[in-house]
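A look at the structure
The lines below spell out each chain.
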Amino acid sequence: MRRIAFLWIGLAAACVALGAAAAFETRASRLQAIKTVGIVSAIGEEMSLTQAGLTRLGTTAQSLPIGAWALDELIVQQATRLLEGRFRVQPLTYRRAAFAAIRDSAVAPVNLLRSDPFKELVRSDVTPQGLDAYIVITRARSKLGNGRNVEGVGLAEYRTLLADYGLIHALYEVRIIDGKSFNVIEKRAAGPLDNTGTVPLAGPSGPVDEALGGSAPSERLRAAVVDLITRSLPVTFGDMHLIGG
Amino acid sequence: MMHLDEAALRLSGNARLTTAVLAALGATLAITQSAVAQTAFTLPAPPFDLPMLPSPSGNWTVMVGIGGQYMPDFVGSKNGKLMPIPIFSIRRAGSIDQFRGPRDSASIALLDVGNFRAGPAFKYVASRKADKYAELIGLGDVKAAYELGGFVEYYPVDWLRLRGELRQGIGGHTGTVADISADVIVPLIQRLTISAGPRFTWKSTKATAPYFGVDAAQALASGLPMYDAKSGAHSVGFGSQISYRINPQWEVHAYVEYEKLLGDAADSPLVKLRGSSNQTTVGLGASYSFDFRIR
């Protein structure tokens with residue numbers, strides 16, 4: 001009886017190992033087969049303003065339009081620069097608002113079970129079609145404090161009894177979508193940088209020093225967001241094995 | 001760029017946030033170089049990925065630690081015991097540690113809309129061995145129980161958590177348990193948080209009787225009078241905890257939970273004659289976190 005149990009366990013382990021090896025082959029070979037890519041970016045149309053910690057009842061997040069900052073164009077430029085050593089990067093036409101409008105379901109299993117909404121959008125909304133893969137960069141979400149979510153580009157304030165903490169964030173996730181089957185080959189949220197500060201977020205963020213005023217504040221704010229993106233994009237692409245880093 | 005400046009000025013509905021935004025707009029955005037999440041070591045990429053699961057590449061945070069808890073020998077006991085509690089967790093770097101109360105069951109938030117969370121919950125209730133404590137001689141053993149159910153959690157504001165759990169026991173008891181709690185969570189500074197709030201527990205007859213009922217055989221063997229424990233309010237209490245993050249690596253915490261047994265649990269001869277309806281649990285612990293990276 002015991003021998004049969006061991007045999008079953010061995011068989012199950014072999015199946016898992018073979019399945020895993022097959023999956024590895026699939027993902028690795030899919031990435032290796034990619035020659036032409038296009039890049040979609042849809043995180044830079046608005047900036048959220050969020051408070052957490054000791055807040056008043058009814059405090060809700062607000063948002064500001066920042067389309068004039070042209071962050072998505074900058075992200076496409078940065079990504080192109082990083083990827084063109086390995087891939088032929090082609091410019092794309094797409095409706096940015098359609099990509100920015102997609103949200104994850106609040107019910108976690110739904111996100112696992114439903115078809116990825118971005119792959120449908122790539123199939124229907126992006127031109128030209130027929131590239132080997134599409135790199136899609138969209139907003140990611142993180143908890144701030146206990147009961148607040150923040151996403152995308154934003155400013156957040158964490159209020160405590162004795163001090164308030166400001167932080168700026170650029171939370172995004174990257175998908176590699178197969179250009180033929182439109183399956184998601186890989187999906188990864190950008191991780192926190194090494195200088196995240198005392199208020200942790202699950203993505204690129206940094207503290208805001210409120211000590212000094214100055215001229216052209218929005219340019220400085222934009223520069224800080226750009227800095228977060230510029231420093232995190234190579235790391236994220238590296239984690240996804242898109243580039244050597 | 002005027003667009004953002006003007007929009008910020010229009011945020012009159014929330015003066016403080018506006019102030020913060022304007023301050024931030026006028027600020028020097030000092031992205032300090034105080035390394036917080038430096039990785040301790042880097043592991044090579046795994047030779048394969050598991051199907052359906054995301055790639056493990058990236059930064060991970062491991063937390064290890066040790067804690068101690070002084071708690072009643074068994075529910076209703078007037079004596080206590082000290083128990084070591086290991087602390088271990090592994091998560092994606094940057095994942096946020098949500099507030100958690102010492103009495104919370106293990107749970108997973110399958111539904112999460114920011115200020116409202118819900119999902120399955122599980123609690124392990126240790127067995128009660130009659131030969132371990134003199135007060136229990138003659139009452140027989142109660143096997144370990146596994147309570148499965150669900151939880152809901154609501155934050156009307158970021159500093160107030162309302163939580164409810166409903167669980168069904170299997171094993172040592174086969175009854176239903178409902179827990180309700182509220183916690184006011186006050187961050188004094190970002191690294192130092194205190195919380196406190198009331199608790200209430202209701203238990204069905206099948207969840208109460210195995211621990212507080214005394215049948216004829218048990219009465220004969222233990223010398224206690226027969227007692228038929230029924231459902232109802234089980235306990236009311238108060239809990240408080242404090243946690244301090246010394247630096248990005250080290251954190252210490254302490255807590256106290258007081259529980260006053262009510263109803264048939266409090267009236268049980270086991271509690272009235274040999275134990276106490278006042279139940280206090282005190283705990284403290286320290287943990288160390290470090291990051292590692294998988295290529």
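Residues numbered from 1 in each chain as written. Chains lettered and ligands numbered in written order. Predicted model: local features only at pLDDT ≥ 70, side-chain atom pairs only at ≥ 80, totals over all residues.

Turning our eyes to something else, we now look at the domain arrangement of chain A. Residue and element names in this part refer to chain A. When the domains of chain A are assigned, the result is domain 1 (1–33) and domain 2 (36–239). Taken together, the contact pairs four residues of domain 1 with four residues of domain 2. Residue classes in the side of domain 1 that touches domain 2 are distributed as two nonpolar, no polar and two charged. (Domains from an automatic or database assignment. Contact = placed C-beta atoms within 7 Å. Nonpolar A, V, L, I, M, F, W, Y, C, P; charged D, E, K, R; others polar.)

Turning next to the nonpolar core. Judged by nonpolar contacts, the single largest core of 64 residues is most densely connected at V37, V40, Y134, I135 and V225 of chain A. The contact partners of I135 of chain A, leaving out residues within four places of it in the chain, are V37, I39, A79, V174 and I176 of chain A. Formed by nine residues, the second largest nonpolar core is a distinct cluster that contains A229, L261, L270 and V271 of chain B. (Core = buried A, V, L, I, M, F, W, Y, C linked by C-beta atoms within 7 Å. Buried ≥ 20, exposed ≤ 12 C-beta atoms within 10 Å, placed from the backbone.)

Turning next to the pairing of strand β6 (residues 116–125) of chain B. Residues and elements named next belong to chain B. Pairing between strand β4 (residues 106–107) and β6: two bridges, direction antiparallel. Bridge pairing in β6 places A106 opposite F122. Judged from the two bridges that link them, strand β5 (residues 111–112) and β6 form a sheet pairing that is antiparallel. Looking at β6, one finds that D112 is bridged to R117. The hairpin formed by β5 and β6 contains three residues between the paired strands, and G114 there has a positive phi angle of roughly 95°. (Pairing = 2+ DSSP bridges. Helix = DSSP H or I, 4+ residues; strand = E, 2+ residues; numbered from the N terminus.)

Okay, helix α2 (residues 71–83) of chain A next. Two residues of an α-helix separated by three or four positions point the same way, owing to the 3.6 residues in each turn. Residues and elements named next belong to chain A. Its 13 residues give α2 an end-to-end C-alpha distance of 18 Å, which sits within 8% of 18 Å, the value for a rise of 1.5 Å per residue. The set of residues buried in α2 consists of L71, D72, I75, V76, A79 and L82. The buried side chains of α2 occupy one side of the element, clustering within an arc of 140° when seen end-on. Relative to its buried face, α2 has exposed residues pointing more than 90 degrees away, namely E73 and R81. (Expected span 1.5 Å × (residues − 1). Arc of directions from axis to C-beta.)

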